[in-house]
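An overview of the molecular structure
So the chains spell out like this:
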Amino acid sequence: MPRFPFVLALACLAGCQSALPETSPPLADMEEPPALFAEPDDEAERQKLPLGCFSGVEVTDPRTTLEERLADGPAAGVLVADVVANSPGDAAGIVAGDLLLAAQVEGAWEVLTAPSQWRRIEQASAPGTVVMARVDRAGVERQTRVTLAPRVRRSARLVATRLREEEKVGVVVRAATEVEAAAAGLGAGGGAVVVGLSRGSPWRLADVRFGDVLTAIQGHAVTHPQVVLTEIRNAQGPDVHLDFMRGGERRSVRAFLSSRASEVREVGLPFVFFYSSERGTTTTSMLLGSIHYKSTAAAWRLTLLWFLTFGAGDSDRLLEVAR
């Protein structure tokens, strides 16, 4: 029984504490120009692009979530989502569920890590081109030959992926449109257009601007916007090497990386005093919580002896101005 006041004191002290956030808060100074929220209206230009060739093999990323892509790095192949009946891919024996690990048109094999690589092969090759493909089916690898046929109808427009990085750079990127990717020498779905930058982003010092099309980072082709986030996360040095397109001109820069600033401050003396300041919210508690004060820019609350409470805050309207 004598221990009860001590247990009560610990409980009161615990009530002064708040749970630690599991993730960093969104960057408050992120700038995303409204004009860049929508893709550019370049459908007329897309219709003028060469049709390319047709394999009948529809591919996608084998990883289904952003967490998997961040954790695993580059994918080990691209997943065959569907194969059109009587197409070159069908004739080559490729079926839905296969993994295309690598492809060879001329020269060295190209390891496949993103669907845009297979699409680029289709777009850049002439009808009759033979593509050697390494295929994994249930853990068994084999090689097959896909003879590309002329495409008679343009494929559907891809939905642009939009991704955010807020730990080291403060950047928002979206997948390049087919027109933007073609201008950069990438396949449909490749490239990353800068559509958002933190005002404090270190990339601004490297003259990275809104609308730049990132084509490579750390020497790795941006075959999907996720490549940019992965290379930023895995970077060991203070900067990364960027290749990008701006107004039809190719550029290369070294762009610095940063880290999150700390805004959380706490001071505590057990059973006597506790203070914290976190992103505009201030909390003060004294004497086992018998005096508790919390304030933000919009409101405040004072509690005395755990049951007497006073508070005030901003209204949902502006004050009337005298005329």
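Every chain's residues receive numbers from 1 upward, in the order its sequence appears when written. Residue-level local features of this predicted model are given only where pLDDT is at least 70; pairs of side-chain atoms are given and counted only at 80 or more, and the full residue set underlies all totals for whole chains, interfaces and linings. Side-chain metrics rest on all non-hydrogen atoms present in the structure, leaving aside hydrogens and water.

**Regarding the overall build of the protein**
A run of DSSP states H or I qualifies as a helix once it reaches four residues; a run of E qualifies as a strand once it reaches two. Both are numbered from the N-terminal end. For the protein, the helix and strand inventory stands at seven helices and 22 strands. Across the 323 residues in the protein, those meeting the buried criterion constitute 38%. Note on areas: Shrake-Rupley, 1.4 Å probe, and residue coverage restricted to the protein chains presented here. Per element, the accessible surface of the protein, about 18700 Å² overall, is 58% carbon and sulfur. For every residue, the accessible area (1.4 Å probe, protein chains only) is compared with the maximum for its type, and the residue is labelled buried under 20%, exposed over 50%, or partly exposed between those bounds.

**Regarding the pairing of strand β8 (residues 140–147)**
Think of it this way: DSSP has to see at least two bridges between two strands before they count as a pair. As judged from the eight bridges shared by strand β7 (residues 130–137) and β8, these two strands associate in the antiparallel manner. Across the sheet, M132 pairs through a bridge with R145, a residue of β8.

**Quick look at the sheet that holds strand β17 (residues 265–269)**
With antiparallel pairing, the six strands of this open sheet are ordered in space as β17-β18-β19-β20-β21-β22. Sheet topology places β17 and β22 (308–313) at the edges, where each strand pairs with a single neighbour. Each strand of the sheet is rotated relative to its neighbour by a mean of 5 degrees, with strand direction disregarded. To get an axis, fit a line to the C-alpha atoms, keeping to the stretch in contact for a helix; angles then go from 0 to 180 degrees between the N-to-C directions.

**Examining the pattern of salt bridges**
Put simply, a salt bridge is a Lys or Arg side-chain nitrogen that is within 4 Å of an Asp or Glu carboxyl oxygen. With the rule as written, the count across this model stands at 20 salt bridges. Between E43 and R157 there is a salt bridge, and its shortest N-O distance comes to 2.8 Å. Here E43, found in helix α2 (residues 43–48), pairs with R157, found in the loop between β9 (149–150) and β10 (162–165); they are 114 residues apart in sequence, far enough to count as distant. Overall, the relative accessible area of 26% leaves E43 in the partly exposed class. The structure contains a network of salt bridges with shared partners spanning E39, D42, E43, R46, R157 and E178.

**Quick word on the packing of aromatic side chains**
Pairs were defined over the aromatic rings of Phe, Tyr and Trp, the Trp ring being its six-membered one, requiring ring centres within 6.5 Å. Orientation was assigned from the angle between planes: stacked under 30 degrees, edge-to-face over 60, tilted for the rest. Per the counting criterion, the structure on display carries one aromatic pair. By definition here, charges over rings are those cases where NZ of Lys or CZ of Arg is within 6 Å of the ring centre and within 35 degrees of the ring normal. Its end group placed over the ring of W109, R134 keeps NZ or CZ at 4.1 Å from the ring centre.

**Digging into the pairing of strand β3 (residues 57–60)**
Only one face of β3 is covered, namely the one carrying V57 and V59; the face carrying E58 and T60 has none of its residues buried. In this sheet, strand β4 (residues 78–83) lies alongside β3 in antiparallel orientation, the contact comprising four bridges. When the bridges of β4 are listed, T60 appears paired with L79.

**A short note on the side chain of S116**
With respect to the helices and strands, the residue S116 is situated in helix α5 (residues 115–124). On the basis of relative accessibility, which here comes to 3%, the residue S116 falls in the buried class. Throughout, a contact is declared for two residues whenever any of their heavy atoms are within 4.5 Å. With near-sequence residues (within four places) excluded, S116 lies in contact with G187, A188, G189, G190 and T223.

**As for the confidence of the model for the protein**
The predictor rates its confidence in each residue with pLDDT, a number between 0 and 100. Looking at the protein as a whole, its pLDDT mean stands at 87, while 87% of the residues score no less than 70. Note on residues 6–16: pLDDT is under 50 here. Beyond four places in sequence and across chains, it has 11 contacts.

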